[in-house]
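Each chain, letter by letter, is given below.
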Amino acid sequence: MQIWAVANQKGGVGKTTTTLALGARLAADGARVLLIDLDPHASLTRCFGLPTDPPPVGSAQLFDDPPQPLRELVHHSEYERLDLVPGQAALAVMEKRSATRPGLGLAVKTALASMQDEYDYALLDCPPTLGVLMVNALAAADRLIIPTQTDPLALHGLDGMVRTAAMIERSRGGPLPVFILPTLHDRRTRAGAETLTQMQAHHGKKVWDDVIPLDTRLRDAALVLSAPPVDRGGKGLAAYASALQWLLQHERQQVAA
Ligand code: ADP
Ligand code: MG
């Protein structure tokens, strides 16, 4: 199983959209995919039309003492090979609990190890805060995907996220390759183009050399899964399909190395 964390300390940058678009594409191409919603806002869970308050069971139960087994938390979606562990508002409490329970930072990693052979990919949708939930995702991940908007303010957040990844990499003692995906890109603005150039100058090959464009078909309402997400067309989903090729190419190189 390959574990990809999708994270950025900034909100509204396309984390949830990226998790869903990449996960749905992987599943449509034949991979067995588990999405885990680790955000108390549970936007990903809402995309599947599941109630979020009160939700059935979900990722918050991974932090119970003792934790509930991961397989009991999996919701099989109506799409083949695309499963979800829902997120719940109760996740917000975990951030506070972290100080009092040692080992809580490895809850997600330990849970995923128990289903290692049942999925090809697990994609972790993170909250926009550097707390125990994000730390869990980064501790478990084989790679980190950072969606980031191409506006000047986002650059600051991106630098912060890259530093966080480096810190986690040191503390866990293993590489955490970073992949930066420029999202919500408006080709008509000069600020967008300039920010992209700066991003590439600063972060080099970590940055995908294309962009996910603004596309109304990726907006909230459109995201609610009434049709298989990969069949809906549009330049946004097409861009995610080619971003996935970039990510998979790196994976092949990693395996070959
Ligand atoms: P995050 O998870 O980082 O908070 P979301 O994925 O929820 O970000 O995206 C924030 C908002 O922008 C949502 O309303 C989403 O539907 C919308 N959105 C995301 N990507 C695009 C895009 N490429 N084009 C247009 N709207 C988008
Ligand atoms: Mg989100």
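Reading the values: the criteria
Residues numbered from 1 in each chain as written. Chains lettered and ligands numbered in written order. Predicted model: local features only at pLDDT ≥ 70, side-chain atom pairs only at ≥ 80, totals over all residues. Heavy atoms only, no water. Helix = DSSP H or I, 4+ residues; strand = E, 2+ residues; numbered from the N terminus. Rg over C-alpha atoms; globule rule 2.2 N^0.38 Å. Buried < 20%, exposed > 50% of the residue type's maximum accessible area, 1.4 Å probe, protein only. Contact = heavy atoms within 4.5 Å. Areas by Shrake-Rupley, 256 points an atom, 1.4 Å probe, with all protein chains shown as cover. Lys, Arg positive; Asp, Glu negative; His and termini not counted. Charge placed at Lys NZ, Arg CZ, Asp CG, Glu CD. Core = buried A, V, L, I, M, F, W, Y, C linked by side-chain atoms within 4.5 Å. Phe/Tyr/Trp six-rings, centres within 6.5 Å; stacked < 30°, edge-to-face > 60°. Lys NZ or Arg CZ within 6 Å of the ring centre and 35° of its normal.

## Quick word on the overall build of the protein
When helices and strands are tallied, the protein shows nine helices and seven strands. Since a compact globule built from 257 residues should have a radius of gyration of about 18 Å, the 17 Å found for the protein is in line with a globular shape. For the protein, the spread of C-alpha atoms along the principal axes amounts to about 50 × 40 × 40 Å. By residue count, 53% of the 257 residues in the protein fall in the buried class. Within the protein, counting contacts between residues at least 6 apart in sequence, those at least 24 apart form 78% of the total. Total accessible area on the protein is roughly 11,600 Å²; 54% of this is exposed by carbon and sulfur atoms. Between the centroid of the 25 positive side chains of the protein and the centroid of its 27 negative side chains there is a distance of 5 Å.

## Observations concerning the nonpolar core
With 46 residues, the main nonpolar core has Phe63, Leu112, Leu124 and Leu144 as its most contacted residues. Formed by 34 residues, the second largest nonpolar core is a distinct cluster that contains Leu20, Leu22, Ala31 and Leu218.

## Details of the packing of aromatic side chains
Throughout the structure, instances matching the rule amount to two aromatic pairs. Centroid distance tryptophan 4 to tyrosine 121: 5.1 Å. Interplanar angle 70°. Geometry classified as edge-to-face. Of this pair, tryptophan 4 sits in strand β1 (residues 2-6) while tyrosine 121 sits in strand β5 (residues 121-125); the two residues are 117 residues apart in sequence, bridging distant segments of the chain. Taking relative accessible area as the criterion, tryptophan 4 reaches 0% and is therefore assigned buried. Its relative accessible area of 9% is what places tyrosine 121 among the buried residues. The interplanar angle of 80° and the centroid separation of 5.4 Å between the aromatic rings of phenylalanine 179 and tryptophan 246 together place this pair among those described as edge-to-face. With phenylalanine 179 in strand β7 (residues 178-183) and tryptophan 246 in helix α9 (residues 235-256), this residue pair connects regions lying 67 residues apart in the sequence. Of the two residues, phenylalanine 179 and tryptophan 246, both sit in the buried class. When the ring centre of phenylalanine 179 is taken as reference, the NZ or CZ atom of arginine 143 above it lies at 4.4 Å.

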